[in-house]
Structure formats: C-alpha cells, structure tokens
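Observations on chain architecture
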Amino acid sequence: MSTPAHVAGLLVVVRPECLEGVARLIGGSLGAEIHVREHQTGRMVVTLDTPTLDDQRTRFDAIARLPGVLSVDLVCHYLDPGDPEPPRTRTTRGEEARP
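This section reports on the structure supplied with the text.

1. Digging into the nonpolar core
In this structure, Leu-10, Val-12, Val-22, Ile-26 and Met-44 are the most contacted members of the largest nonpolar core, which totals 18 residues. At the level of secondary structure, the elements contributing two or more residues to this core comprise strand S1 (5–14), helix H1 (19–27), strand S2 (32–38), strand S3 (43–50) and strand S4 (69–80). When residues no more than four places from it in sequence are discounted, the contact partners of Ile-26 are Val-12, Ala-32, Ile-34, Met-44, Val-46, Ile-63 and Leu-66.

Dropping the structure here:
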C-alpha cells in the first residue's frame, strides 16, 4: 500500500543573475524538481512532492526565503491518496480470511 502524496506546481521568479544558484538549492532538496528555467526572465516551473500538506507549506516557505527569490506562486495542487487498502475477505463462516 502506498502512502498519500501532495504534489504542487509552483512558479518561482528570481532575479535573473541568481537563477542558477537558486536552481541548485531547489534542485538539491528532496521532493523538488525543476521542469523549466527561463534565464532571461528568472522564472522556473517547480514541482514539490511531499507526504503531508505541512511539508508542502514548509518547503514553499523555504523556497520563498531563498536569497534572490522575488515570488513563489502556487499554480496547482494535487493530492494522490495512494493505493487503497486491499478489501478484506471473509470465509464462509464469516471469519476474516488470512492473506
């Protein structure tokens, strides 16, 4: 059974001269992936994949506080509930069957 996951899409805007440094910091953090970098405008498209919503907030705030970051906008959020628990089966006597 897999655990739930929160996936967020972010638009991160940084000073263009800080783009590579900020990208290294974001890319080095667990659960963060950079999909697009625009060097002229300093914009990046980033996804965060975390187990809890609190983890999402913590990482969002950490990115926003990085030197050179001008703004971080949440574009989308998706909750992947994970695999459901397999249904329990019962024997003909009503007892729970063993896997």
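Still more to cover.
2. Focus: the sheet that holds S4
Spatial strand order, S2-S3-S1-S4: 4 strands in an open sheet with antiparallel pairing. The sheet is open, and its two borders are formed by S2 and S4, each paired with just one other strand. Between one strand axis and the next, the sheet turns through 15° on average, direction left out of account. Two strands pair when backbone bridges link them, and S1 and S3 are joined in this way by 8 bridges, in the antiparallel orientation. Paired with Gly-9 across the bridge in S3 is Thr-47. Sitting on the sheet, H1 touches S1, S2, S3 and S4, and the angle it makes with S2 is about 160°.

3. Remarks on the side chain of Gln-56
With respect to the helices and strands, Gln-56 occurs in helix H2 (residues 53–64). Relative accessible area serves as the criterion here: at 5%, Gln-56 is assigned to the buried category. At 3.2 Å, the side chain of Gln-56 and the backbone oxygen of Leu-48 are in polar contact. The residues contacting Gln-56, other than those within four sequence positions of it, are His-6, Val-7, Ala-8, Leu-48, Asp-49, Thr-50 and His-77.

About the thresholds
Residues numbered from 1 in each chain as written. Predicted model: local features only at pLDDT ≥ 70, side-chain atom pairs only at ≥ 80, totals over all residues. Heavy atoms only, no water. Core = buried A, V, L, I, M, F, W, Y, C linked by side-chain atoms within 4.5 Å. Buried < 20%, exposed > 50% of the residue type's maximum accessible area, 1.4 Å probe, protein only. Helix = DSSP H or I, 4+ residues; strand = E, 2+ residues; numbered from the N terminus. Contact = heavy atoms within 4.5 Å. Pairing = 2+ DSSP bridges. Axes fitted to C-alpha atoms, helices over the stretch in contact; angles between N-to-C directions. Polar contact = N/O pair within 3.5 Å; in protein donor to acceptor, adjacent residues only side chain to side chain.

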